[in-house]
Every structure is written in C-alpha cells, then in structure tokens.
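For reference, the chains in residue letters:
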Amino acid sequence: MNAAAPLPARDLAFPVDGMTCASCAARVEKALLQVPGVTGAAVNLATERVTVTGTPDLAFPALEAAVARAGYTARAPEQPAPPPSRLPTWLPVAVGAMLTLPLVAPMVLGLVGIAWAPGFWVQFALATPVQFGLGARFYRAGWHAVRARTGNMDLLVALGTTAAYGLSLYLAGRHGTHGMPHLYFEASAAVITLVLLGKWLEGRAKRQTTEAIRALQALRPAAARVRRRGAEVDVPIEAVRVRDLV
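Values in this document were obtained by computation on a predicted structure and should not be read as measured data.

J.: Give me the lowdown on the pairing of strand S5 (residues 223-228), citing residues and values where you can.
T.: In the sheet, S5 pairs with strand S6 (residues 231-236) via six bridges, with the strands oriented antiparallel. Bridge assignment links Arg228 to a residue of S6, and that residue is Ala231. Where S5 folds back on S6, the antiparallel hairpin that results is connected by two residues, among which Arg229 adopts a positive phi of roughly 55°.

J.: Can you break down the pattern of salt bridges residue by residue, with the values?
T.: Tallied over the full model, the rule gives six salt bridges. The shortest N-O distance in the salt bridge between Asp234 and Arg225 comes to 3.0 Å. The pair formed by Asp234 and Arg225 is uniform in burial state, with each residue classed as exposed. In this structure, Glu232 engages Arg227 in a salt bridge whose closest nitrogen and oxygen atoms are separated by 3.1 Å.

J.: Hey, could you go over the nonpolar core for me, with residue numbers and the actual values?
T.: Core analysis: the biggest nonpolar cluster contains 25 residues, and Phe14, Leu32, Val52 and Leu63 have the highest contact counts within it. Of all the secondary-structure elements, those providing two or more residues to this core are strand S1 (10-17), helix H1 (22-33), strand S2 (38-44), strand S3 (49-54) and helix H2 (60-69). With five residues, H1 is the largest single contributor of residues to this core. Phe14 has contacts with Leu32, Arg49, Val50, Val52, Phe60, Leu63, Val67, Ala74, Arg75 and Pro77, leaving out every residue within four places of it along the chain. Within the second largest apolar cluster, 18 residues are counted, among which are Leu103, Tyr165, Leu183 and Ile192.

Conventions adopted
- Residues numbered from 1 in each chain as written.
- Predicted model: local features only at pLDDT ≥ 70, side-chain atom pairs only at ≥ 80, totals over all residues.
- Heavy atoms only, no water.
- Pairing = 2+ DSSP bridges.
- Helix = DSSP H or I, 4+ residues; strand = E, 2+ residues; numbered from the N terminus.
- Salt bridge = Lys/Arg side-chain N within 4 Å of Asp/Glu carboxyl O.
- Buried < 20%, exposed > 50% of the residue type's maximum accessible area, 1.4 Å probe, protein only.
- Core = buried A, V, L, I, M, F, W, Y, C linked by side-chain atoms within 4.5 Å.
- Contact = heavy atoms within 4.5 Å.

What follows is the structure in structure tokens.
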C-alpha cells in the first residue's frame, strides 16, 4: 500500500513588534514552534519579520496568539505599520544626556581636583525623569519578559538601574541631616542614557540597511524571459522555476 503523499508546506511572513535583542528573537521562534502545524520558524531581528513554515491549514490567528503569549505583538501581513512618531528619534537621548550630565559632572571635576556635587534634591529631580520617564520602556519590556518566565536585556537594565536608584533613596533617608551621603543617582541615569544611545544608533543603522535593501530590490526586474516547450515566453519573476532556461 502506497504511503500518503506529504501535504505541501505553507509559508507565512509577518512583522513582529517589541523585539529588542537576540533573546527576544529566540523566544518568539520557540513560541511559534510550539503551535500545532508549524514545522519551522525563522526570525529576522534586523527587519523585525518572522517567516513560519507549516501545513496548509496553518492560520495567522494561532500564530498571533503564540507571539502574544511570548510578550510581543504580531501584525497581519496586510496590516500597515503604525505611523512613525512626529518627534525626532534622537530626542530621548538628548533629554537623557542633559539630565545626566550634571549628575556625572562631579566625577569629571574630581579628576582635576574640584570637589563639587549637587544636593540630594537636585540629584533626585534630575534622576527621576530619566528613571521612570525615559526608562519606562525598559520596565514595560522587562515586565513582558517576566510574564513569559524568561529574561532579556531590558529586564537587566530595569533591575540594575532600579537598584542604584532605590539604594540612593535608602541612603539619603538613613543618613538624614548628617551631611551628604554617597548617592548612586548618576549610575542609574547614565546607564539608561547610554542604553538609549545604543538603541538609537542601532535603529539608525537598521533603517539605513533596510533602505539600501529596498533600493536593491527595486532594481530587480519584474519579468523574466523563459524558454518553455521550444518557445520563449515572458513570465513574472515569481513564476520562474528551478531548471528553467532563462
């Protein structure tokens, strides 16, 4: 008795929002591979797109639910991307730098023998917007990782900076009015600002690479002349098959 012929595979490609590192990409792949009918999943972190291979009855809603359980958002292939923010992408980095520079200035001035440091309330006022305003994205992404029972870079940033910020509050409260305690507000603010700078540089490089790839794809011809059954015919480039004479 002949074995049943294998069902043809189906490929689904769609964007996924919220991935920030290789750990995120691995978690999305793992979640998709657990969906019944999925035989393969590949995440391109640079383009934030996922290609899933599975049986013909594979449906996008099941994949979307799996991605959501992992802590990310999948968009249908035909769904347009959200409109970009009207604010410049470098603005959070600039704001973080302006708020952080007065906090790290004492360390720089100390190298040339100048002993100066802003008071507790000044440091608190400068570090708090950085920690909970500019750093809110790390708390959100870290919370998603905790819900998925895993970890990522954002969770590490949130934990490390919160420890420095919280220790500063504890030392200030314990020290009271007995002089100026050693605070760590500059550490939490500097880490958040530097990570934001790295993400901005990464995003700019990603956009430039994507634009270059799209420019190359625009140079690809839309049709090919193929010899079939002794005649030359023009067919769409997607219709070219292996072993065609082009």
